[in-house]
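# A closer look at the structure
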Amino acid sequence: MKIENICCIGAGYVGGPTMAVIAQKCPDIKVTVVDINSDRIAAWNDKNLKNLPVFEPGLDNIVGSCRDKNLFFTTEVDKAIDEAHMIFISVNTPTKTYGKGKGMAADLKYIELCARQIAKVATDDKIVVEKSTLPVRTASAIKSILDNTGSGVKFQILSNPEFLAEGTAIEDLLHPDRVLIGGDTSTKEGNNAMKALVEIYSNWVSQERILTTNVWSSELSKLTANAFLAQRVSSINAMSVICEKTGADVNEVAKAIGMDSRIGPKFLKSSVGFGGSCFQKDILNLVYIAKSYGLNEVADYWEQVIKMNDYQKNRFSDNIVSTLYNTVAGKKIAFFGWAFKKDTNDTRESPAIQVAKNLLNEQAYVEVFDPKVKSEQVFKDINNNNSEDLLKVKKNPYQVADKAHAIAILTEWDEFMDYDWQKIYDSMLKPAFVFDGRGILDTNKLENIGFVCYKIGMG
Ligand code: NAD
Ligand code: UGA
């Protein structure tokens, strides 16, 4: 099957950037991204490319070069499904907040709705691609829904999990370590569907980086990759506490172990904790799957990665309170950064949220500056009316620092390193404290100015 028309359901952090890159690399394919959220679609269509709903370095250029040529954003879901040869499902799969599996299992209601809508609308054969991160064996549920329409339309289900990281999404999509495609390897139709998707990626990804597997391996590999990545962060964060007690320096330890080619240098940056929409959700999902097979030891093993992360976030705020003479009530704590990592406006599960909640609970005044996060988002994340008097968001870091007792670095934005720290010091109450939860500042320089510094993982 020659693919000339693609539809992607879900215009979020994955659907938008992924389809923009496919459109750019495959100018002969018409790519339509659909969403039920009309505000989001309107933002994707905004003439001013600075207003796209997702901030990713390089994304605006790509969208600008393809939009309304072979890349379209629309709320006309049925029409796009009907016209497409291949349909990517890229909707959200959050942790369930109700019923069986509450707080652990992935909520698949959005996925099921997509499958039912495809089943209802499709009049000719389609390839359906799972782009969302899903529990292993979800493809069988999708297939069952699609195969029972009675319309005679034939569907092939592929799993093609996305490995992009936010902040580097475009680089990751243009130069992926690998592309993973799982399908029904036992049938000719299944192999043909996989071949069709391989051909699309072959426009810019070399053959040896395109991996084809059975569907279950592909689904499970995605959860496994995120679990391993998050585990590395929790492992180095566990060492950061020991470093602080013993006088070792976690960055030196990370460098020393990372030079071992079996360990490797990446993902060893100690921090206030990992955030983002996926690590916690995907590990909880893995834990749930393990438990549902009665594999309690396996479940406990992975759950510890999350417990360690919670500990890291809470101990950061505990340390602020104890350092500020055991009370922060009525004291102003300036937050530099709110996004879960630099170069994104995404705040989902950001460690800043938990740290702020803990400090607000102690009746501190928290004032936030983040270069990309809007103030409405910060208030939404805190979602507590009682905090309104205590929480403020400002557009200028120097205003946030003015008359603060302490500054807490919650996101590793590069610009924080270039600020006029003497000016910041002069405007703060003394002693002026800095709590660097990302280990990015030159604390020797700050101490020479007069700051009292805490840096994660430094004794
Ligand atoms: P998102 O919340 O940013 O976007 C999902 C979009 O789907 C929303 O705009 C929502 O309105 C839309 N949607 C939901 N149901 C719909 C329906 N029935 N019809 C049309 N639109 C619908 O989510 P995201 O961050 O893009 O993540 C999507 C999936 O990709 C998740 O499974 C996630 O685990 C996975 N993933 C995310 C990342 C990441 O960096 N964010 C990376 C890899 C994989
Ligand atoms: C992560 C994975 O890296 C992607 O491969 C995956 O596709 C994605 O999840 C997903 O499935 O959603 P992302 O969450 O966007 O990507 O960003 P990461 O770079 O992985 O960072 C996650 C969190 O870990 C951030 O809060 C980051 O600050 C933290 N982190 C990361 C550390 O604290 N130390 C590190 O060394 C690396």
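Overview of the structure.

Calculation rules
- Residues numbered from 1 in each chain as written.
- Chains lettered and ligands numbered in written order.
- Predicted model: local features only at pLDDT ≥ 70, side-chain atom pairs only at ≥ 80, totals over all residues.
- Heavy atoms only, no water.
- Helix = DSSP H or I, 4+ residues; strand = E, 2+ residues; numbered from the N terminus.
- Rg over C-alpha atoms; globule rule 2.2 N^0.38 Å.
- Buried < 20%, exposed > 50% of the residue type's maximum accessible area, 1.4 Å probe, protein only.
- Pairing = 2+ DSSP bridges.
- Near = heavy atom within 4 Å.
- Polar contact = N/O pair within 3.5 Å; in protein donor to acceptor, adjacent residues only side chain to side chain.
- Areas by Shrake-Rupley, 256 points an atom, 1.4 Å probe, with all protein chains shown as cover.
- Nonpolar A, V, L, I, M, F, W, Y, C, P; charged D, E, K, R; others polar.
- Core = buried A, V, L, I, M, F, W, Y, C linked by side-chain atoms within 4.5 Å.
- Contact = heavy atoms within 4.5 Å.

### Concerning the overall build of the protein
Regarding its fold elements, the protein presents 17 helices and 14 strands. The C-alpha atoms of the protein give 24 Å as radius of gyration, which agrees with the globular expectation for 459 residues (23 Å, within 12%). Along the first, second and third principal axes, the C-alpha set of the protein runs to 75 × 50 × 45 Å. Considering the protein as a whole, with its 459 residues, one finds that 54% of them fall into the buried category.

### Comments concerning the environment of L113
Mapped onto the secondary structure, L113 falls in helix 5 (residues 109-121). Taking the relative accessible area as the measure of exposure, L113 reaches 54% and is therefore exposed. Measuring from C-alpha to C-alpha, the distance between L113 and I142 comes to 9.9 Å, with 29 residues separating the pair along the chain.

### Side note on the pairing of strand 1 (residues 5-9)
Within a regular beta strand, the side chains point alternately toward one face of the sheet and then the other, so they alternate between its two faces. Of all the five residues making up strand 1, five are buried; the element is thus mostly covered by neighbouring parts of the structure. Here strand 1 shows a buried face lined by N5, C7 and I9 and a second buried face lined by I6 and C8. Relative to strand 2 (residues 30-34), strand 1 runs parallel, the two being bridged by five bridges. Within strand 2, the position partnered with I6 by the bridge is V31. Relative to strand 4 (residues 86-89), strand 1 runs parallel, the two being bridged by four bridges. Residue I9 lies in a different strand from strand 4, and its bridge partner there is I89.

### Regarding the site of ligand 1
Around ligand 1, the surrounding shell holds 25 residues, and the nearest of these are D35, R40, T93, E166 and K281. Within the side chain of E166, an N or O atom sits 2.8 Å from a nitrogen atom of ligand 1. Contact with the protein chains hides 93% of the accessible area of ligand 1, taken as 830 Å² for the molecule alone. By residue class, the composition of the shell around ligand 1 is nine nonpolar, nine polar and seven charged.

### Some thoughts on the nonpolar core
If you look at the biggest cluster of nonpolar residues, it comprises 52 residues, and the most contacted ones within it are F335 and W421. Counting residues per element, this core draws most heavily on helix 13 (residues 351-361), which supplies six residues. Look past the residues within four positions of F335 in its chain and what remains in contact with it is A352, V355, A356, L359, V366, E367, V368, F369, V400, A408 and L410. By size, the runner-up hydrophobic cluster in this structure holds 46 residues, among which are I6, I29, L59 and V63.

Without other data, these values stay purely geometric and don't point to any function.
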